[in-house]
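# Geometric and topological summary
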Amino acid sequence: MLKYIWLVPALPLAGAAVNLVFGKRLGKRSGIIGPVMVGGSFVISFLALFDLLGRPAEERVYVAHLWDWFHAGALDVGADLRADALSMTMILVVTGVGFLIHVYSIGYMHGDRLYPRFFAYLNLFVFFMLTLVLAQNFVVLFIGWEGVGLCSYLLIGFWFEKPAAANASKKAFITTRVGDTFFIVGLAMIFVYFGSFDFDKVLNGHAASALSVGTLTAISLLLFGGAIGKSAQIPLHVWLPDAMEGPTPVSALIHAATMVTAGVYLVVRTHVLFTPTSLAVVMFIGLATALYAATGAVGQDDIKRLLAYSTLSQLGYMFFAAGMGAYGVAMFMLVAHAFYKALMFLAAGSVMHGMEGETDMTKMGGLKKYMPVTATLFMIGAITIAGIPPLSGFFAKDPILSLANRSGRGLAWLLADAAAFLTAFYTARLVFLTFFGEPRTERPAHESPKVMTVPMGLLAAGAAVAGVLAITPEGVLAKFLEPVTGLPGEFVGGLPEWALMAISVLLALGAIWLAWYVYASTRWRALRGRYPYVHDLLENGWYWDAAYANTIVPAGKWVAGIAAFGFDTGFIDGIVNGLGSLTKGLAAIGRRLQTGMVRTYAAVFLFGVFVVLLVLAVRS
Amino acid sequence: MKVPIAYFLTLSAVLFSIGTVGVLVRRNALVMFMSIELQLNAVNLSLVAFSRQLGNLNGQVLAFFSMVVAAAEVVVGLAIIVSIFRKRTTINVDDEDLLKW
């Protein structure tokens, strides 16, 4: 099936095309086409995985050359797809989780005015995401990279009648663009120094070792700049919480499971270019985001914004792991996170569906009684992310923490533990506020239909058992990925493994108990009344948005004003208009020659003849 | 007795000058036309004179050409003058400045 790997991105593209062109005529049937196409991609990916597993570990790379795309000078770019362990892992996550979210959308988007268009955009997103992860060169990867950004913009602003949604989509697009600018510069540097965009020529390890450390650091940090924008890490994280204005399946698919992990994928894919310096930057940014976003999540009352901050924090963990060189661990976290975060988003969407669009947790409470299935599934997701064994979240987070400890990064380990504690705390807070206690509103909540709960159930099963991929000492997934990612170094120092595990579990249990103590009763109201500024600080994400609004935004507006009114209207338009005025002025003089008097013309003609004769006479 | 060429050329120059002055000073398009005809025939005269002087027929052939062209020109020119007169009841060239903006 590896031969047919091109079908994996082609099927969603076909689905998007059909739904865009014939969507109106298809009506409700477009909700079948979308999921079926992604499901088909999943089946093909799965069959291709067995093809790949049938080969010895060193030969698990299949490159499909579809066509020569373009040649320009020394630049040869082909439309090439690469199926190796890493991209196979990614396409299975994208198509698998994507398929479940597509099915869920049938129920969630039911009755929406733009129902076919939603599935068209969602299919288009899956196509670009698959292009991104299957790319064999940086140009194809970049097409996917920008394409998912476009689809993210379209889907965040799907309900564009709401000004908040329209603004959020613009914010997401522009903020990501800042990172993309670094990414493009990084790509240009890659071409200058490697002379190619092909992964085989750039990422083979020999090519990079010929370059100076400074050059490599610059290239890798520029690529990481793109990853920061796409994966919403500090300081470009501000777009993700606002992106929750989009429909919830979009938040689950794009802003939790797949697109935001593209940055992690990029770092893992290009890890041979990362020098110790740039890895330290990756680690620092990841850890800072993990801790920062965890504190922000504690202050959110909006159920989706809380999950968005949680996503930021978890992505920070992935970069933290990648920054320590543990790419297999980061990838395992990516896979597990795709399951449990998609599950939590879908469950949150189910709550919103049952509450007629309510997202404020302070108005919920006691929903366990009304939505038992959703509540149970959400709690599975919550326990998973909190890091209670044997669910997958524990196996994702524990290796990261233990690696930090054993590699002698004591302070980083402590901070990551603090973030883990906060993770368990905010998740438990969400659960207790939403599903426990007394109902705080008269609104009748109802359970969601099967088409929504079944995909959630499957995701919950995935979140629960994904841990088996990491359960052997070296990890099934990590071993599968080893030809691409290599292994993190061996460390001997630090605390023993069982102690680290015990600390992780105790932290999680302690956080859950604390959240129960505060949020299962009405104590949180009293607490908020006594320290309102703490809550405000956390809810506004440490006023990061306000800081941007008061520094970068006015500066940007000022520069844009000069560019628009000073340079553009003054200088560029001045040249164009000036040329026009000059022509008009010359014409005003020149047209006086045209008197319209025939005899004047004849006289001038005669005069000209005399001049010509005179010249001839003088010259001869 | 052979007439000297200077006589012909003098007559030709006089005719040409009369024609030139006619084109420049008269306002009536028909008279201007006749003056142009005068100029053309002055040149024809000198062509024939040179031809005879040099014993070469080229000049006479060229004179025929110029007569044919003059006839064609008169046809087109008179047609224009007639249509202008029908439109505007005048053939005074100083009033015809339609192409000027």
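Refer to the structure presented above.
Everything numeric in this text was worked out from a predicted model, so none of it was measured. (Residues numbered from 1 in each chain as written. Chains lettered and ligands numbered in written order. Predicted model: local features only at pLDDT ≥ 70, side-chain atom pairs only at ≥ 80, totals over all residues.)

### Observations concerning the overall build of chain A
Applicable threshold: Put simply, DSSP H or I for four residues or longer makes a helix, DSSP E for two residues or longer makes a strand, and each gets a number counted from the N terminus. Put plainly, a residue is buried at 20 or more neighbouring C-beta atoms within 10 Å of its own, exposed at 12 or fewer, and partly exposed in between, counting only other residues' C-beta atoms, which are placed from the backbone. Note that contacts rest on C-beta atoms placed from the backbone: two residues are in contact if these are within 7 Å.
Along chain A, the regular secondary structure elements total 26 helices and two strands. Overall, chain A is about 115 × 60 × 50 Å in size when its C-alpha atoms are taken along their principal axes. Burial analysis of chain A (620 residues in total) assigns 51% to the buried set. For chain A, the proportion of contacts with a sequence separation of at least 24, taken over those separated by at least 6, is 81%.

### Some thoughts on the overall build of chain B
This is how it is decided: Two things to know: the radius of gyration comes from C-alpha atoms, and the globule rule equals 2.2 Å times the number of residues to the power 0.38.
Along its length, chain B carries three helices and zero strands. Its helices and strands taken in sequence order, chain B reads α-α-α from the N to the C terminus. Taken over C-alpha atoms, the radius of gyration comes to 17 Å for chain B, far larger than the 13 Å a tight globule of 101 residues would show. For chain B, the spread of C-alpha atoms along the three principal axes comes to 55 × 25 × 25 Å.

### With respect to the interface of chain B and chain A
Here is the rule: When residues are grouped by polarity, Ala, Val, Leu, Ile, Met, Phe, Trp, Tyr, Cys and Pro land in nonpolar, Asp, Glu, Lys and Arg in charged, and all others, Gly among them, in polar.
In this assembly, 10 residues from chain B lie in contact with 10 residues from chain A. In the side of chain B that touches chain A, the residues fall into five nonpolar, one polar and four charged.

### So, the environment of A:Met1
All names here are of chain A. In this structure, Met 1 sits in the segment before helix 1 (7-26). With 17 C-beta atoms packed within 10 Å, Met 1 lands in the partly exposed category. Along the primary structure Met 1 and Phe 46 are separated by 45 residues, whereas in three dimensions their C-alpha atoms are 9.0 Å apart. Dropping the residues within four chain positions of it, Met 1 is found in contact with Ile 44, Leu 47, Ala 48 and Asp 51.

### Topic: unusual backbone geometry
All names here are of chain A. Residue Ile 234 is joined to Pro 235 through a cis peptide bond whose omega torsion reads 5 degrees. Among the structural elements, Pro 235 can be located in the loop between helix 9 (213-230) and helix 10 (239-242). With an omega of 5 degrees, the peptide bond between Pro 389 and Pro 390 qualifies as cis. When you line up the elements, Pro 390 lands in the loop between helix 16 (372-386) and helix 17 (392-406). Its identity as a non-glycine residue notwithstanding, Glu 356 has a phi of 60 degrees, on the positive side. For Glu 356, the location among the structural elements is in the loop between helix 15 (327-354) and helix 16. Under the C-beta neighbour-count criterion, Glu 356 is labelled exposed, with 10 such atoms within 10 Å. Notably, Tyr 543 is not glycine yet its phi reads approximately 55 degrees, a positive angle.

### Focus: the nonpolar core
All names here are of chain A. This is how the line gets drawn: Think of a nonpolar core as buried Ala, Val, Leu, Ile, Met, Phe, Trp, Tyr and Cys residues, each tied to the set through C-beta atoms within 7 Å.
Counting 203 residues, the largest nonpolar core has Ala 330, Ala 342 and Leu 343 as its most contacted members. Per-element tally for this core: the top contributor is helix 15, with 20 residues. Leave out the neighbours within four places in its chain, and Ala 330 touches Val 264, Val 268, Met 318, Ala 321 and Ala 322.

### Focus: helix 2 (residues 29-54) of chain B
Residues and elements named next belong to chain B. Keep this limit in mind: Multiplying 1.5 Å by the residue count of a helix minus one yields the expected span of that helix.
Look at helix 2: 38 Å from first C-alpha to last across 26 residues, which is about the 38 Å you get at 1.5 Å a residue. The set of residues buried in helix 2 consists of Met 32, Ser 35, Leu 40, Ala 42, Asn 44, Leu 47 and Ala 49. Those residues of helix 2 that are buried lie in contact with helix 1 (5-25) and helix 3 (58-88). A positive backbone phi angle near 65 degrees is found at Gly 55, which sits one or two residues after helix 2.

### With respect to helix 18 (residues 410-435) of chain A
All names here are of chain A. Helix length check: helix 18 (26 residues) gives 37 Å between terminal C-alpha atoms against 38 Å at 1.5 Å per residue, within 8%. Where burial is concerned, most of helix 18 is hidden: 20 out of the 26 residues are buried. Remark: Gly 437 follows helix 18 within two positions and exhibits a positive phi of approximately 75 degrees.

### Examining the packing of helix 2 of chain B against helix 3 of chain B
For any two helices packed against each other, one specifies the crossing angle of their axes together with the interaxial distance. Residues and elements named next belong to chain B. As a reminder of what qualifies: Angles run from 0 to 180 degrees between N-to-C directions of axes, and those axes are lines fitted to C-alpha atoms, restricted for helices to the stretch in contact. Angles below 35 degrees are treated as roughly parallel, those above 145 as roughly antiparallel, those between 65 and 115 as roughly perpendicular, and all remaining angles as oblique.
Put simply, helix 2 and helix 3 touch, their axes get as near as 8 Å, and they point 175 degrees apart. The orientation of helix 2 relative to helix 3 falls into the category roughly antiparallel. Touching Ala 29, Leu 30, Phe 33, Glu 37, Leu 40, Val 43, Asn 44, Leu 47, Val 48, Phe 50 and Ser 51 of helix 2 are Asn 58, Gly 59, Gln 60, Leu 62, Ala 63, Ser 66, Met 67, Ala 70, Gly 77 and Ile 81, all from helix 3. Across the contact of helix 2 with helix 3, the residue classes tally to 13 nonpolar, seven polar and one charged.

### Description of the environment of B:Leu45
All names here are of chain B. Relative to the elements of secondary structure, Leu 45 occurs in helix 2. With 18 C-beta atoms packed within 10 Å, Leu 45 lands in the partly exposed category. Leu 45 sits 48 residues away from Val 93 along the chain, and the two C-alpha atoms are 29 Å apart. With residues up to four places along the chain from it excluded, the contact list for Leu 45 reads Phe 8, Leu 11, Ser 12 and Leu 15.

### A closer look at the pairing of strand 2 (residues 75-84) of chain A
The line we're drawing: At least two DSSP bridges between two strands are required for those strands to pair.
Direction of pairing for strand 1 (residues 61-72) of chain A relative to strand 2 of chain A: antiparallel, over a ladder of 10 bridges. Its bridge partner being in strand 2 of chain A, A:His71 is matched across the sheet by A:Asp76.

### What to know about the pairing of strand 1 of chain A
With zero of 12 residues buried, strand 1 of chain A lies mostly on the surface of the structure. Between strand 1 of chain A and the antiparallel strand that follows it, strand 2 of chain A, lie two residues; A:Gly73 among them carries a positive phi value of about 60 degrees.

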